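So the chains spell out like this:
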Amino acid sequence: MVSLNNKYYLSVEIGGTNLRYGLVDTSFSLVNFHKIPTIGFSNAEDKIKYLKDLLTPFIDDYGRDNIICITMALASLMDKERTMIYSSPMIRRFENIPLAKLLEESMGLPVILERDVNTLLLYEINKQNRDSSGIVSGVFVGTGLGSAMCINSQIYKGASGAACELGHIPVPGLTQKCNCGKKGCIELLTCGKVLEKLAAEHFKCNVKDIFKLHGKDERLLDTVRYLAIAIATKITILDPNYVILGGGVIEMEDFPLEFLINEIRENLRVPKPRETIEFVIASGDDEAGVIGAAINAKNQLLNKHE
Ligand SMILES: [Zn+2]
């Protein structure tokens, strides 16, 4: 039964592999949740029509007046205002599109967009009942090196909207081209894409078994060492209250988490923050991005009314 007193966030997370969506209530509990492959969206000529077909049944079932807004978490580069999608390396023809405006016109509801890593960070702070005052840093290691930060519960976007792109810090001497458009990014030496290549070309194994079968291999450990350097760099600059670590790579079977944390600490100054920095492991919940997008929508709507 749908209570007329209930209001919902209609929440969508579009990742490189999966598209997750559903309704989240105002206490950030999932009312329903769906997960489908992103490929359908990626192949769709008309992205707005695809989203409209996907989301309209919720509006029909729950009533337009009970939907607070449509809120989305995206693995895309966006403007600071979070209205425009500049590029989405993992989704076909999803670039240079004023998504918020087009979707608002099509759906007749407010649309709020945010980078997926930022919504994941908001979700984990909320889920784990952590203090969100000061600086909280999040690192989510998946296909790429996702990075986020909050200052006093507010996502830090930077002057142009492109803050925290940790995967794209430069490595001296590295000339390989990154799909962000520049060369020598640290993401080329670590993360899921590198593991997939190592698994296919070097170890000839399934990538999901790579740490289980080859956990002591130096080439594999080097990918973790580079990850540690990126994370230590971020901690050195920010000195955050704590760091949330998550993402598909961290969750892989036999991922050397202790080795990673030791390597990060070795690259930090003594005695602080090396001895004091706290690492919090993300929940790995499937619905993190969808609920995180609802938390972000609440924050954005509150900011608007302040
Ligand atoms: Zn790059």
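In this text the structure is predicted, and so the values were computed from the model without any measurement.

What's the story with the sheet that holds strand β9 (residues 145-151) in this structure? I'm lost.
Think of a sheet as strands paired side by side through backbone hydrogen bonds, with each pair either parallel or antiparallel. One open sheet accounts for 5 strands, arranged β10-β9-β8-β11-β12; its pairing is mixed. Of all the strands in the sheet, the pair left with one neighbour each is β10 (154-155) and β12 (279-281). Here strand β8 (residues 135-141) runs beside β9; their pairing, made up of 7 bridges, is antiparallel. By the bridge assignment for β9, Val-141 is matched with Leu-145. In this fold helix α8 (residues 257-266) packs onto β11 (242-246) and β12, with an angle of close to 155° to the strand it touches most, β12.

What is the right way to read the layout of surface pockets from this model?
Considered as a void within the structure, the largest pocket measures approximately 1,500 Å³ in volume. Among the elements of the structure, β2 (18-25), α4 (116-127), β9, α5 (191-203) and α9 (288-305) are those that each provide at least two residues to the lining of the largest pocket. Considering only residue class, the lining of the largest pocket consists of 16 nonpolar, 19 polar and 13 charged. Per-domain counts for the lining of the largest pocket show at least three residues from each of domain 1 (8-115 + 286-305) and domain 2 (129-281). Put simply, the second largest pocket is a space of about 380 Å³. At the level of elements, α5 and α7 (218-238) are the ones that each hand at least two residues to the lining of the second largest pocket. Residues of the lining of the second largest pocket, tallied by class, amount to 6 nonpolar, 4 polar and 6 charged.

Help me understand the domain arrangement of the protein in this model?
Interface extent is often summarised as the accessible area lost during association of the parts. Taken domain by domain, the protein consists of domain 1 (8-115 + 286-305) and domain 2 (129-281). Placing a centre on the C-alpha atoms of domain 1 and another on those of domain 2 gives a separation of 26 Å. For the pair domain 1 and domain 2, the summed buried surface comes to about 980 Å²; carbon and sulfur atoms form 41% of the total. Sorting the residues of domain 1 by area buried against domain 2 places Lys-80, Arg-82 and Arg-115 first, and these three jointly supply 47% of that buried surface. Linking domain 1 to domain 2 there are 1 salt bridge.

Is there a simple way to think about the packing of α5 against α7 in this case?
Each pair of packed helices can be described by the angle between their axes along with the distance between the axes. Orientation of α5 relative to α7, taken along the N-to-C sense of each, is 170°, at an axis distance of 11 Å. Regarding the angle of α5 to α7, the classification is roughly antiparallel. Where α5 abuts α7, its residues Val-194, Leu-195, Leu-198, His-202 and Phe-203 lie against Arg-219, Leu-220 and Thr-223. Of the residues that constitute the contact of α5 with α7, the class distribution is 5 nonpolar, 2 polar and 1 charged.

I'm lost on unusual backbone geometry in this one. Help?
What is expected of a backbone is that most residues other than glycine have negative phi and most peptide bonds are trans. Residue Pro-271 is bonded to the preceding Val-270 through a cis peptide linkage, with omega at -10°. Relative to the helices and strands, Pro-271 is located in the loop between α8 and β12. In this structure, the amide linkage connecting Lys-272 to the following residue, Pro-273, adopts the cis form with an omega of 10°. On the secondary structure map, Pro-273 appears in the loop between α8 and β12. In this structure, Arg-93 is a non-glycine residue whose phi angle is positive, near 45°. Within the secondary structure layout, Arg-93 lies in the loop between β6 (85-87) and α3 (99-107). If you check the backbone angles, Asp-239 has positive phi at about 45° while not being a glycine. Tracing the sequence through the fold places Asp-239 in the loop between α7 and β11.

I would appreciate a short explanation of the sheet that holds β2 in the present structure.
Spatial strand order, β3-β2-β1-β4-β7: 5 strands in an open sheet with mixed pairing. The open sheet has two edge strands, β3 (30-37) and β7 (111-115), and neither has a second partner. The mean angle between the axes of side-by-side strands here comes to 15°, regardless of whether they run parallel or antiparallel. Sheet topology note: the β2/β3 ladder contains 7 bridges and is antiparallel. Paired with Leu-19 across the two strands is Ile-36, which belongs to β3. Relative to β2, helix α2 (residues 47-62) is tilted by about 20°, and along the sheet it contacts β1 (8-14), β2, β3 and β4 (67-74).

Help me understand the packing of aromatic side chains in this model?
Two measures describe an aromatic ring pair: the distance that separates the ring centres and the angle between the ring planes. With the rule as written, the count across this model stands at 6 aromatic pairs. Ring geometry for Tyr-9 against Phe-28: centres 6.3 Å apart, planes inclined by 25°, an arrangement best described as stacked. Taken together, the residues span a long stretch of sequence, with Tyr-9 in strand β1 and Phe-28 in the loop between β2 and β3 at a distance of 19 residues. Between Phe-41 and Phe-94 the ring centres are 5.1 Å apart and the planes differ by 85°, which places this aromatic pair in the edge-to-face class. Placement of the pair is Phe-41 in helix α1 (residues 39-43) and Phe-94 in the loop between β6 and α3, with a sequence separation of 53 residues. Since its relative accessible area comes to 0%, Phe-94 is described here as buried. Put simply, the rings of Phe-41, Tyr-50 and Phe-94 pair up and form one aromatic cluster. Positioned over the ring face of Phe-41 is Lys-47, at 5.4 Å from the centre of the ring. Over the ring of Tyr-242 we find Arg-130, and its NZ or CZ is 4.4 Å from the ring centre.

Thresholds, definitions, all that
- Residues numbered from 1 in each chain as written.
- Predicted model: local features only at pLDDT ≥ 70, side-chain atom pairs only at ≥ 80, totals over all residues.
- Heavy atoms only, no water.
- Pairing = 2+ DSSP bridges.
- Helix = DSSP H or I, 4+ residues; strand = E, 2+ residues; numbered from the N terminus.
- Contact = heavy atoms within 4.5 Å.
- Axes fitted to C-alpha atoms, helices over the stretch in contact; angles between N-to-C directions.
- 1 Å grid on protein atoms, 1.4 Å probe; cavity = no way out; pocket = protein on both sides within 12 Å on 5 of 7 lines; lining within 4 Å.
- Points joined across faces, edges and corners; volume = space filled by probe spheres on them.
- Nonpolar A, V, L, I, M, F, W, Y, C, P; charged D, E, K, R; others polar.
- Domains from an automatic or database assignment.
- Buried area = accessible area lost by both parts, 1.4 Å probe.
- Salt bridge = Lys/Arg side-chain N within 4 Å of Asp/Glu carboxyl O.
- Parallel < 35°, antiparallel > 145°, perpendicular 65-115°, else oblique.
- Phe/Tyr/Trp six-rings, centres within 6.5 Å; stacked < 30°, edge-to-face > 60°.
- Buried < 20%, exposed > 50% of the residue type's maximum accessible area, 1.4 Å probe, protein only.
- Lys NZ or Arg CZ within 6 Å of the ring centre and 35° of its normal.

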